[in-house]
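One-letter residues, chain by chain:
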Amino acid sequence: MELRRCITPFIIQCFVSAGVTLNMSGMGLVMGFSTVLLPQLQKPDSIIQIDESSGSWIASIPGIAIIVGNFMVATLMNKFGRKIANLISVTITIIGWLCIIFSNTTSMMIAARFFQGIAMGIITTLGPILIGEYTSPRNRGAFLMSISISISTGVFLIHILGIYLDWRTTSIACIGIALVDILIVILSPESPSWLANQGKYEECRKVFRYLRGDNEEEELEKMIEANVISKQENKIKTSANDTIAARIDIIVHYWKKLVKDRAFYVPVFIMLHVYTMAQWSGVNVFTSYLIDLIEHVSGSVDHMDMIIISIDVQRIVTSTIGIILIKKIRRRLLVFVSVGLNFVMYLIIAGYTYAKQNDWLPYHHPYIGLVLIHLHMFSIGIGALPISFVLSGEIYPLEYKGISGGISTIFMSLNIFTNVKTIPMLFNAMGFSETYLMYSVIIGYCLVIVCLLLPETKDRTLLEIEESFRRKKVNRP
């Protein structure tokens with residue numbers, strides 16, 4: 001009895017969110033794996049021999065495979081439920097790591113990484129939505145920010161394992177993490193929002209109170225009421241028009257309604273720019289080409305392994321600070337400050353490396369470059385990357401979550417693929433400082449658009465946020 005009293009709704013929300021965040025950590029494991037994999041494959045005695053082109057494909061192919069996962073996720077999460085979709089994502093992740101273990105050619109390695117990208121595509125869309133539906137509005141931002149910590153921890157862990165173990169042993173360890181995640185997901189309930197959408201209202205009430213307690217009844221009843229009204233409208237339309245032509249007309253009507261609804265196209269447009277900010281903030285350089293970054297900014301340094309570990313640890317600490325900030329600071333202000341800092345660090349690093357390259361600096365020391373790298377990592381960790389997961393779990397309306405998340409995440413995957421694939425090419429063709437200057441322009445443009453369109457979402461229910469896009473007045477309790 002005492003144990004049951006100790007298990008509060010907050011503890012339950014932590015547990016069920018862990019099933020999502022542990023899966024999301026796989027994104028850090030997958031993207032960070034190329035940092036340790038490529039140097040091992042480039043050794044003369046490696047079973048798989050690669051060149052710069054095949055290496056860039058191995059690093060970037062998960063980015064394009066995310067699109068395949070995106071095409072799958074809407075059907076999985078809407079037809080079979082959020083929980084089943086989460087389990088499928090983890091299962092595909094395990095298949096990808098098994099394929100890596102048994103790879104002995106470049107083609108097999110690329111195919112294995114493609115499987116991993118499919119799993120990333122599913123959970124990248126599903127994860128923020130599921131956490132947003134599991135958690136209370138007052139804690140939702142912190143739980144969504146924990147996605148960033150899980151990804152950062154995944155990057156840190158894969159770099160640690162890759163420094164001391166070969167790539168096959170590292171892959172086995174990653175499978176162990178995925179098996180733990182499967183156990184947590186199996187023990188977690190289905191999303192109450194999905195249950196309401198399926199007309200399982202009593203089960204929805206039971207799960208909602210299990211997750212949230214008895215203090216958020218207003219949100220529960222509003223959610224059920226909205227689904228009841230929507231189902232009644234759809235039932236009337238279907239029963240009155242039961243021919244094939246009528247059904248086609250209903251689908252056409254739905255798409256016309258979709259493209260005219262501000263609650264659909266404005267959040268999608270915002271997230272296109274938010275995901276662009278996140279993926280071009282420098283996170284992919286830190287995750288997949290960290291050694292190249294250190295060499296360009298600081299030059300040749302001793303104890304490269306310890307420097308990599310220090311940057312990964314700082315990434316985790318910074319993401320943790322981000323959780324505190326997201327609880328205290330408005331979303332719009334955090335976006336402006338963190339991404340603004342990211343923009344400034346791009347300019348400073350571009351100017352510093354250009355001056356160093358042309359011998360304009362009166363004094364240069366590798367530690368100066370390392371300080372700049374850590375400051376850049378700080379700007380990414382507190383806002384540019386984690387805020388994308390927070391907003392994707394908040395601003396999509398319930399009716400359009402699947403399609404909105406799918407469209408936005410497809411665009412995110414194209415950004416990941418393009419960015420990771422072109423990093424070595426741009427460094428060689430344009431130069432490091434010129435590449436960073438180009439990145440600053442992209443970040444600056446996206447920041448302006450997001451600040452103009454993004455409403456404040458802190459401490460607001462999902463229904464309030466949805467209605468704000470439709471410009472409806474909401475009487476908040």
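No experiment lies behind these values; they were computed from the predicted model shown. In this numbering scheme, every chain counts its residues from 1 along its sequence in written order. Thresholds applied to this predicted model are a pLDDT of at least 70 for local features of residues and 80 or more for the giving and counting of side-chain atom pairs; totals over whole chains, interfaces and linings are not thresholded and use all residues. Values reported for side chains reflect all heavy atoms of the structure, with hydrogen atoms and water molecules removed beforehand.

### Here we look at the overall build of the protein chain
Under the scheme used here, helices are H or I runs from DSSP no shorter than 4 residues and strands are E runs no shorter than 2 residues, and both carry numbers assigned from the N terminus. Each helix and strand in the protein chain was counted, giving 20 helices and zero strands. Projected onto its principal axes, the C-alpha positions of the protein chain cover 75 × 60 × 45 Å. The buried label goes to any residue with under 20% of its type's maximum accessible area, the exposed label to any with over 50%, and the partly exposed label to all in between, with areas taken from a 1.4 Å probe on protein chains only. Counting only residues that meet the buried cut, the protein chain has 56% of its 477 residues in that class. Note on contacts: a residue pair is in contact if any heavy atoms of the two residues lie within 4.5 Å. Taking all contacts inside the protein chain whose residues are at least 6 apart in sequence as the whole, residues at least 24 apart take part in 82%. Surface accessibility follows the Shrake-Rupley procedure with a 1.4 Å probe radius. Residue values consider only the protein chains on display as shielding. Carbon and sulfur atoms make up 66% of the accessible area of the protein chain, which totals about 20300 Å². Across the protein chain, the 40 positively charged side chains and the 35 negatively charged ones have centroids separated by 7 Å. Here the positive residues are Lys and Arg and the negative ones are Asp and Glu; neither His nor the chain ends is included. For the purpose of locating charges, the reference atoms are NZ of Lys, CZ of Arg, CG of Asp and CD of Glu.

### Digging into the packing of helix H2 (residues 9–41) against helix H6 (residues 137–164)
At a closest axis distance of 6 Å, the pairing of H2 and H6 adopts a crossing angle of 35°. Regarding H2 and H6, the two cross each other, and that crossing is right-handed. The residue classification treats Ala, Val, Leu, Ile, Met, Phe, Trp, Tyr, Cys and Pro as nonpolar and Asp, Glu, Lys and Arg as charged. All others, Gly included, are polar. Classifying every residue of the contact of H2 with H6 gives 14 nonpolar, 14 polar and no charged. Comment: axis = line fitted to C-alpha atoms, over the contacting stretch for helices; angle = value between 0 and 180 degrees taken between N-to-C directions. For any pair of crossing helices, the crossing counts as left-handed if the nearer helix is rotated counterclockwise from the farther one by less than a right angle, and right-handed if it is rotated clockwise.

### With respect to the packing of aromatic side chains
Aromatic pairing here means that ring centres of Phe, Tyr or Trp (its six-membered ring) are within 6.5 Å. Orientation follows from the plane angle: under 30 degrees is stacked, over 60 is edge-to-face, and everything else is tilted. This model, assessed by the stated rule, comprises ten aromatic pairs. In textbook terms, an aromatic cluster arises when at least three aromatic residues are bridged by ring pairs, as seen for Trp 280, Tyr 346, Phe 427, Phe 432, Tyr 436 and Tyr 439.

### Concerning helix H5 (residues 106–134)
Because each turn of an α-helix spans 3.6 residues, side chains separated by three or four positions end up pointing in the same direction. Here H5 spans 41 Å end to end across 29 residues, near enough to the 42 Å set by a 1.5 Å rise per residue. Its maximal kink placed at Leu 126, H5 deviates by approximately 30°, while the proline Pro 128 follows within four residues. The span you would expect from a helix comes to 1.5 Å times its residue count less one. To get the bend at any residue, fit one axis to the seven residues that end at it and another to the seven that begin at it, then take the angle between the two axes.

### With respect to the environment of Ile 58
By secondary structure assignment, the location of Ile 58 is in helix H3 (residues 52–80). Remark: the alpha-carbon pair of Ile 58 and Ile 443, spanning 385 residues in sequence, is separated by 26 Å. Among residues more than four places away in sequence, those in contact with Ile 58 are Leu 37, Leu 38, Leu 41, Ile 50, Thr 106, Met 109, Ile 110 and Arg 113.

### Details of the pattern of salt bridges
Salt bridges are identified by distance alone: a Lys or Arg side-chain nitrogen within 4 Å of an Asp or Glu carboxyl oxygen. Enumeration according to the criterion identifies eight salt bridges in this entry. Linking Arg 205 and Glu 202 is a salt bridge whose minimum nitrogen-to-oxygen distance equals 3.1 Å. You can see Arg 205 and its partner Glu 202 sitting in helix H9 (residues 201–212), three residues apart, about one turn around the helix. Exposure remark for Arg 205: the relative accessible area of 17% places this residue in the buried category. Under the relative-accessibility criterion, Glu 202 is labelled exposed at 58%.

### A look at the packing of H2 against helix H12 (residues 262–288)
Following both chains from N to C, one finds H2 and H12 inclined at 50°, their axes separated by 7 Å at the closest point. It follows from the interaxial angle that H2 and H12 lie oblique. For the pair H2 and H12, contact is made by Met 31, Gly 32, Ser 34 and Thr 35 and by Asn 284, Thr 287 and Ser 288, respectively. Grouping the constituent residues of the contact of H2 with H12 by class yields one nonpolar, six polar and no charged. An angle counts as roughly parallel when it lies under 35 degrees, as roughly antiparallel when it exceeds 145, as roughly perpendicular when it falls between 65 and 115, and as oblique in every other case.

### Some points on the confidence of the model for the protein chain
With 93% of its residues at a pLDDT of 70 or more, the protein chain has an overall mean of 84. Residue-level confidence of the predictor is what pLDDT reports, using numbers from 0 through 100. Overall, residues 472–477 carries pLDDT values under 50, and its contacts beyond four positions in sequence, including any with other chains, amount to eight contacts.

### A look at unusual backbone geometry
Not every positive phi belongs to a glycine, and Asp 359 is a case in point at roughly 55°. Among the secondary structure elements, Asp 359 is positioned in the loop between helix H15 (331–357) and helix H16 (366–384).

### Comments concerning empty space enclosed by the protein
Points on a 1 Å grid, built from protein atoms alone, make a cavity when a 1.4 Å probe fits but cannot get out and make a pocket when they are open with protein on both sides within 12 Å along at least 5 of 7 lines; residues with an atom within 4 Å of a point are the lining residues. Grid points are joined across faces, edges and corners, and a volume is the space filled by probe spheres set on the points. Using the criterion set out here, one finds four cavities of 30 Å³ or more in the structure. Quantified by volume, the largest cavity comes out at close to 120 Å³. Counting only elements with at least two residues in the lining of the largest cavity, the list comes to H2, H6 and H12. Considering each element in turn, the lining of the largest cavity owes the most residues, four residues, to H12. Partitioning the lining of the largest cavity into residue classes produces eight nonpolar, four polar and one charged.

### Quick look at the layout of surface pockets
The calculated volume of the second largest pocket comes to roughly 370 Å³. If you trace the second largest pocket, you find 19 residues lining it, with Leu 38, Gln 42, Tyr 289, Asp 292 and Pro 424 closest to the centre. Those elements that provide at least two residues to the lining of the second largest pocket are H2, H3, helix H13 (290–298) and helix H18 (401–429). Considered class by class, the residues forming the lining of the second largest pocket number eight nonpolar, eight polar and three charged.

### Considerations on a nonpolar patch on the surface
Together, Phe 15, Leu 183, Ile 186 and Leu 187 give the surface a local cluster of nonpolar side chains, amounting to about 390 Å² of exposed area. Here the element with the most residues in the nonpolar patch is helix H7 (residues 167–187); it accounts for three residues. One can find Ile 186 in helix H7. The class for Ile 186 is partly exposed, based on a relative accessible area of 46%. Like-charged residues are merged into a patch within 9 Å and nonpolar side chains (Val, Leu, Ile, Met, Phe, Trp, Tyr) within 5 Å, provided each residue has over 30% relative accessible area and no salt bridge.

### A look at H16
Over its 19 residues, H16 extends 26 Å from the first C-alpha to the last, a length consistent with the 27 Å expected when each residue adds 1.5 Å. Burial in H16 covers these residues: Gly 369, Leu 370, Leu 372, Ile 373, His 376, Met 377, Ser 379, Ile 380, Gly 381, Ile 382, Gly 383 and Ala 384.

### A closer look at the nonpolar core
Within the largest apolar cluster, 127 residues are counted, with the highest numbers of intra-cluster contacts made by Trp 97, Met 277, Leu 293, Ile 294 and Tyr 436. With 13 residues, the single largest contributor to this core is H2. If we ignore the near neighbours within four places in the chain, the residues touching Trp 97 are Leu 29, Val 30, Phe 33, Gln 116, Ile 158, Ser 171, Cys 174 and Ile 175. What is meant by a nonpolar core is a set of buried Ala, Val, Leu, Ile, Met, Phe, Trp, Tyr and Cys residues, joined one to another through side-chain atoms within 4.5 Å. Residues Leu 258, Phe 264, Leu 272 and Tyr 400 belong to the second largest nonpolar core, which totals five residues.

### Some thoughts on the side chain of Ser 150
Tracing the sequence through the fold places Ser 150 in helix H6. At 3.1 Å, the side chain of Ser 150 and the backbone oxygen of Thr 21 are in polar contact. Not counting residues up to four positions away in its chain, the partners in contact with Ser 150 are Thr 21, Met 24 and Ser 25. Side-chain atoms alone can form a polar contact between residues adjacent in sequence; in general such a contact is a pair of N or O atoms within 3.5 Å, and within protein one must be able to donate a hydrogen while the other accepts it.

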